[in-house]
Amino acid sequence: MLKEFRDFIARGNVLDLAVGIIIGAAFTSIVNSVVADLINPIISLFTGGLDFSGLSIALGEGPNAAQFAYGKFIMAVINFLIIAWVVFLIVKGVNTARRFAHLDGKDKEEKAEDPPEIKLLTEIRDELKNRPAV
């Protein structure tokens with residue numbers, strides 16, 4: 001079991017995922033700043049100074065009443081949309097750069113070499129086509 005765990009951790013995909021999570025966590029503070037310092041003031045300008053993060057409804061009476069904080073939910077949705085948009089732009093930019101620079105390892109005219117199994121199957125197919133009918 002320990003060997004299986006070691007093999008699982010040593011896979012490239014797991015390491016890539018870990019790096020992605022770490023970068024994502026660091027990216028969160030940037031997005032929070034963009035939302036709080038740039039997006040919220042623009043939204044407040046159009047809504048007459050309304051700050052979404054403080055919106056809530058008291059579910060009871062008194063100082064200890066539970067709060068239905070729907071404003072925080074609105075801010076979470078805005079954060080998500082901004083993150084999704086930025087990730088979309090990054091992926092689109094990388095894909096465009098790869099196509100432009102031919103970083104995928106193949107030119108459009110150049111055909112990738114087939115694996116030996118495919119070559120053998122192609123030869124067998126061609127040989128069967130060339131045989132006279134019985």
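What counts and how
- Residues numbered from 1 in each chain as written.
- Predicted model: local features only at pLDDT ≥ 70, side-chain atom pairs only at ≥ 80, totals over all residues.
- Heavy atoms only, no water.
- UniProt positions renumbered as here; feature names shortened; annotations may be inferred.
- Patch = residues over 30% accessible without salt bridge, like charges linked within 9 Å, V, L, I, M, F, W, Y side chains within 5 Å.
- Areas by Shrake-Rupley, 256 points an atom, 1.4 Å probe, with all protein chains shown as cover.
- Salt bridge = Lys/Arg side-chain N within 4 Å of Asp/Glu carboxyl O.
- Helix = DSSP H or I, 4+ residues; strand = E, 2+ residues; numbered from the N terminus.
- Buried < 20%, exposed > 50% of the residue type's maximum accessible area, 1.4 Å probe, protein only.
- Phe/Tyr/Trp six-rings, centres within 6.5 Å; stacked < 30°, edge-to-face > 60°.
- Core = buried A, V, L, I, M, F, W, Y, C linked by side-chain atoms within 4.5 Å.
- Domains from an automatic or database assignment.

- Going by the annotation in an unreviewed UniProt entry, the name recorded for the protein chain is Large-conductance mechanosensitive channel, with Haematobacter massiliensis given as the source organism.
- Here is the UniProt Sequence similarities (unreviewed entry) comment for the protein chain, exactly as written: "Belongs to the MscL family."
- Per UniProt, the comment on the protein chain under Subunit (unreviewed entry) is "Homopentamer."

So, a nonpolar patch on the surface
Thinking step 1. On the surface, a cluster of nonpolar side chains totalling about 470 Å² of accessible area is made up of Ile-118, Leu-120, Leu-121, Ile-124 and Leu-128.
Thinking step 2. Summarising the element assignment, Leu-121 is placed in helix H4 (residues 116-130).
Thinking step 3. Exposure remark for Leu-121: the relative accessible area of 54% places this residue in the exposed category.

A word on the UniProt feature "transmembrane region" (unreviewed entry) in the protein chain
Thinking step 1. Mapped onto this structure's residue numbering, the UniProt feature "transmembrane region" (unreviewed entry) falls at residues 12-31 and 73-91.
Thinking step 2. Strand forms 0% of residues 73-91 and helix 100%; the C-alpha atoms that close the span are 27 Å apart.

Structural notes on the packing of aromatic side chains
Thinking step 1. On inspection of all chains with the given rule, the structure shows one aromatic pair.
Thinking step 2. The interplanar angle of 35° and the centroid separation of 5.5 Å between the aromatic rings of Trp-85 and Phe-88 together place this pair among those described as tilted. In this pair, Trp-85 and Phe-88 both sit in helix H3 (residues 70-101), three residues apart, roughly one turn of the helix.
Thinking step 3. For Phe-88, a relative accessible area of 43% corresponds to the partly exposed category.

Quick notes on the nonpolar core
Thinking step 1. Within the largest apolar cluster, eight residues are counted, these being Val-31, Val-35, Ile-43, Phe-52, Leu-55, Met-75, Ile-78 and Ile-82.
Thinking step 2. Breaking this core down by element, the ones donating at least two residues are helix H2 (12-46) and H3.
Thinking step 3. Inspection of this core shows a minimum of three residues originating in each of domain 1 (1-49) and domain 2 (51-133).

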